[in-house]
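Observations on the three-dimensional arrangement
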Amino acid sequence: MNVIITKDYDEMSKKAAEVLLDVVKNNETPVLGLATGSSPIGAYQEMVKDHQENGTDYSKVVSYNLDEYVGLPISHKESYYAFMHQHLFNHVNIKEENVHVPNGLAEDLDQGCKEYEDMLKKVTIDLQLLGIGGNGHIGFNEPGTPVDSETHVVDLTEKTIADNSRFFIPLGEETPTQAVSMGLASIMRSKKILLIASGANKADAVYRMVNDPISVDCPATILRNHPDVTVIVDAEAGAKLA
Ligand code: F6R
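**A short note on the pattern of salt bridges**
Two side chains of opposite charge can pair, provided their charged atoms sit close to one another. In this structure the tally under the stated criterion is 11 salt bridges. Across the salt bridge formed by Asp 228 and Lys 192, the nearest N and O atoms sit 3.6 Å from each other. Of this pair, Asp 228 sits in the loop between helix H7 (203–211) and strand E10 (229–234) while Lys 192 sits in strand E9 (residues 192–197), placing them 36 residues apart in sequence. Judged by its relative accessible area of 30%, Asp 228 is partly exposed. Classification of Lys 192 as partly exposed rests on a relative accessible area of 23%. Sharing partners across several salt bridges, the network here consists of Glu 117, Lys 121, Glu 150 and Arg 189.

**Points about the layout of surface pockets**
The gaps of empty space that remain are located by a probe, the size of a water molecule, rolled over the atoms. Taken as a whole, the largest pocket spans an internal volume of roughly 730 Å³. As for the largest pocket, its lining consists of 36 residues, of which Thr 36, Gly 37, Ser 38, Asn 164 and Arg 166 are closest to the centre. Elements with a contribution of two residues or more to the lining of the largest pocket: strand E4 (67–69), helix H3 (80–87) and helix H5 (158–168). Here the lining of the largest pocket gets 6 residues from one element, more than from any other, and that element is H5. Class assignment of the residues belonging to the lining of the largest pocket gives a composition of 13 nonpolar, 16 polar and 7 charged.

Calculation criteria
- Along each chain, the written sequence defines residue order, and numbers are assigned to residues from 1.
- Per-residue local features of the predicted model are confined to residues with pLDDT of at least 70, and side-chain atom pairs are confined, for both listing and counting, to 80 or more; whole-chain, interface and lining totals are unaffected and use all residues.
- Heavy atoms from the whole structure form the basis of all side-chain values; hydrogens and water molecules are not counted.
- For salt bridges, the criterion is a side-chain nitrogen of Lys or Arg within 4 Å of an Asp or Glu carboxyl oxygen.
- Numbering of helices and strands runs from the N terminus, with a helix taken as a DSSP run of H or I at least four residues long and a strand as a DSSP run of E at least two residues long.
- A 1.4 Å probe rolled over the protein chains alone gives each residue an accessible area, and that area as a share of the maximum for its type sets the label: buried under 20%, exposed over 50%, partly exposed in between.
- Grid spacing is 1 Å over the protein atoms alone, the probe is 1.4 Å, and a cavity is where that probe fits but cannot get out, while a pocket is an open set with protein on both sides within 12 Å along at least five of seven lines and lining residues have an atom within 4 Å of a point.
- Grid points are joined across faces, edges and corners, and a volume is the space filled by probe spheres set on the points.
- Ten residues, namely Ala, Val, Leu, Ile, Met, Phe, Trp, Tyr, Cys and Pro, are considered nonpolar, four, namely Asp, Glu, Lys and Arg, are considered charged, and the remaining ones, Gly among them, are considered polar.

And the structure:
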């Protein structure tokens, strides 16, 4: 695990975008695993800026998102499908048919998960981008999720629901309590993994990811079993590492 500590969110985002762009530019059919949340927004902005200034081509890029809330239509502004279009897909020349986000509205959610995992097994993700939850979750793989988990339905923990409520309370809506998420095994199959984190509220999780025994008690520790993981954090998130 290669850990890079940057000055602030902007520097973290620029460095993360460099890693993502390297994959986009240097693979014939780049396959990206993408994340939502506040952590990657700056990196996506950098990618959009690069596309506008340098014309970097996304016509061959294929993307698979980590997760999606259960029960939100894709038209809902807080759906992860809408998030990805708002922050990245609408601003680069990726083809809609190459974009994949788990289906949180499938009539049979377990079957939907199986279909997503079957699709993932037919490709190799060149680079999987991850954030980290305050409890060490990656994707929505909360503490205790089995190491061999594949795409599955998740009951979100109270902490994660509370963390996400900031987006729903202003809309006067209930915060979703379930999500569909790639599993830990799905994530670990990626060729390369990039995890980013910023802010003091991530300092404990980042410390635990690097130092705790490898265990599903802190799902991000599992990444230490992967041969090619880069972690880019800002000074606040990395404060407990030194
Ligand atoms: C999002 C995801 C989550 C987030 C994590 C951090 O697709 O999989 O694991 O990466 O909850 O969220 P932020 O970046 O909002 O702090």
